[in-house]
Amino acid sequence: MSADAAPMARAAPSGKIRLVVSDIDGTLVTRDKRLTPAVLAAARSLRAAGVGLCLVSSRAPRGMEMFLGPLAIDTPRAGLNGGLIAMPDGTIVSRLSLDPDAVRQSVEILQAHRVDPWLFIGHDWMVTDPAGPYVARERQVVQTDPVVVPDFDAHTHNVGKIMGASSDYPLLARMEAEIGALLAGRASVHRSSDYYLDITHSRANKGYAALELARLMNVDIGEVACIGDMYNDVPMLDEAGVAIAMGNAPDGVKAHAHFVTASNEQDGWAHAIERYVLPRV
């Protein structure tokens, strides 16, 4: 679905929730990547009520590990926008990879527009320029070091995600549309933030991730609440029994939600759990 696609006609929110599937960045954590006391308390309330919590992110599964302990999560998690699904011990149970031609085309286009491409293969994050824009920031955020390679020529197979990083936000929005059109039917192309563009397998989106996580947890998708803030979260909002957008989400994302909560800087995740999930347990 493109960033400006119209929301689907949808049923009323479900009256029963057994599982929450949550985005991380811009949703579960603050801008400085903290889990607030209110969020931790809300997660404890979910556990006490018997509601599962699964994380889904554009991050690789390894970049989500720092949240598992504080949230007491022992459930499967979906990384790379659903391109890689791992069990709590890191075992990969589902992998969707881009075809090599799509990888080569995407890398060529991004580099031609001076957008820094990164590749994700399995648990590895690959870059060609360790001093490139946002590499240091990403290393700090995901607490993982990239694998530095001279080029990507020998790394076009088993790619779960290509990420384009750029401080030119309008350019990245254009790349989302152009690459999305070029790879229509072959890839899912969405911005996960103003400065990151994610390119994954056509089925590897957060809607697929929500469905797979629900299946692994033996929960009907109609009994799943999904919460997110960016355009790459729209596919899972469209699948959810209860769809919740963060207050900091763009209007185009909010249009796909049953409910809009406060921002991630105002404990919006915790408020969403208290107001829209726990009353449906």
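Note that the structure is a prediction, hence the values are computed from the model and not measured.

## Quick word on the packing of aromatic side chains
Next up, step 1: Applying the stated criterion across every chain yields a total of eight aromatic pairs.
Next up, step 2: Geometrically, the ring pair formed by Phe259 and Tyr276 is stacked, given 4.3 Å between the ring centres and 5° between the ring planes. Of this pair, Phe259 sits in strand E14 (residues 259-260) while Tyr276 sits in helix H9 (residues 268-277), placing them 17 residues apart in sequence. Accessibility classification places Phe259 together with Tyr276 in one group, the buried group.
Next up, step 3: In this structure an aromatic cluster arises from ring pairing among Trp118, Phe120, Trp125, Tyr134, Tyr169, Tyr195 and Tyr196.
Next up, step 4: Taking the ring centre of Phe120 as reference, the NZ or CZ of Lys161 above it sits at 4.6 Å.

## Some details on the confidence of the model for the chain
Next up, step 1: Mean pLDDT over the chain: 94, with 97% of residues reaching 70 or higher.
Next up, step 2: Confidence drops under a pLDDT of 50 for residues 1-6, and excluding neighbours within four residues, the segment shows nine contacts in the predicted structure.

## Brief notes about the pairing of strand E6 (residues 116-121)
Next up, step 1: With six of its six residues buried, E6 lies for the most part within the structure.
Next up, step 2: Because side chains alternate across E6, one face comprises the buried residues Asp116, Trp118 and Phe120, and the other comprises Pro117, Leu119 and Ile121, equally buried.
Next up, step 3: As paired strands, E6 and strand E9 (residues 159-165) are joined by six bridges and run antiparallel to one another. The residue of E9 that forms the bridge with Ile121 is Val159.
Next up, step 4: In this sheet, strand E7 (residues 124-127) lies alongside E6 in antiparallel orientation, the contact comprising three bridges. Its bridge partner being in E7, Phe120 is matched across the sheet by Trp125.

## Some thoughts on the environment of Val115
Next up, step 1: Within the fold, Val115 resides in the loop between helix H3 (100-112) and E6.
Next up, step 2: Under the relative-accessibility criterion, Val115 is labelled buried at 2%.
Next up, step 3: In this structure, the C-alpha to C-alpha distance between Val115 and Tyr195, residues 80 residues apart in sequence, is 9.9 Å.
Next up, step 4: If we skip the residues at most four places from it in the chain, Val115 touches Leu110, Gly164, Ala165, Ser166, Leu171 and Leu172.

## Remarks on the pattern of salt bridges
Next up, step 1: Tallied over the full model, the rule gives 13 salt bridges.
Next up, step 2: Here Asp25 ties to Arg59 by a salt bridge, and the two come within 2.7 Å at their closest N and O atoms. Residue Asp25 is found in the loop between strand E1 (19-22) and helix H1 (37-48), and its partner Arg59 is found in the loop between strand E2 (52-55) and helix H2 (68-71); the two are separated by 34 residues along the sequence.
Next up, step 3: In this structure, Arg191 and Glu176 form a salt bridge, with 2.6 Å as the shortest nitrogen-oxygen distance. Placement of the pair is Arg191 in strand E10 (residues 187-193) and Glu176 in helix H5 (residues 169-182), with a sequence separation of 15 residues. Here Arg191 and Glu176 have matching classes, each one buried.
Next up, step 4: Linked through salt bridges whose partners overlap, the residues forming this network are Asp23, Lys206 and Asp233.

The rules behind these values
- Residues numbered from 1 in each chain as written.
- Predicted model: local features only at pLDDT ≥ 70, side-chain atom pairs only at ≥ 80, totals over all residues.
- Heavy atoms only, no water.
- Phe/Tyr/Trp six-rings, centres within 6.5 Å; stacked < 30°, edge-to-face > 60°.
- Helix = DSSP H or I, 4+ residues; strand = E, 2+ residues; numbered from the N terminus.
- Buried < 20%, exposed > 50% of the residue type's maximum accessible area, 1.4 Å probe, protein only.
- Lys NZ or Arg CZ within 6 Å of the ring centre and 35° of its normal.
- pLDDT = per-residue confidence, 0-100.
- Contact = heavy atoms within 4.5 Å.
- Pairing = 2+ DSSP bridges.
- Salt bridge = Lys/Arg side-chain N within 4 Å of Asp/Glu carboxyl O.

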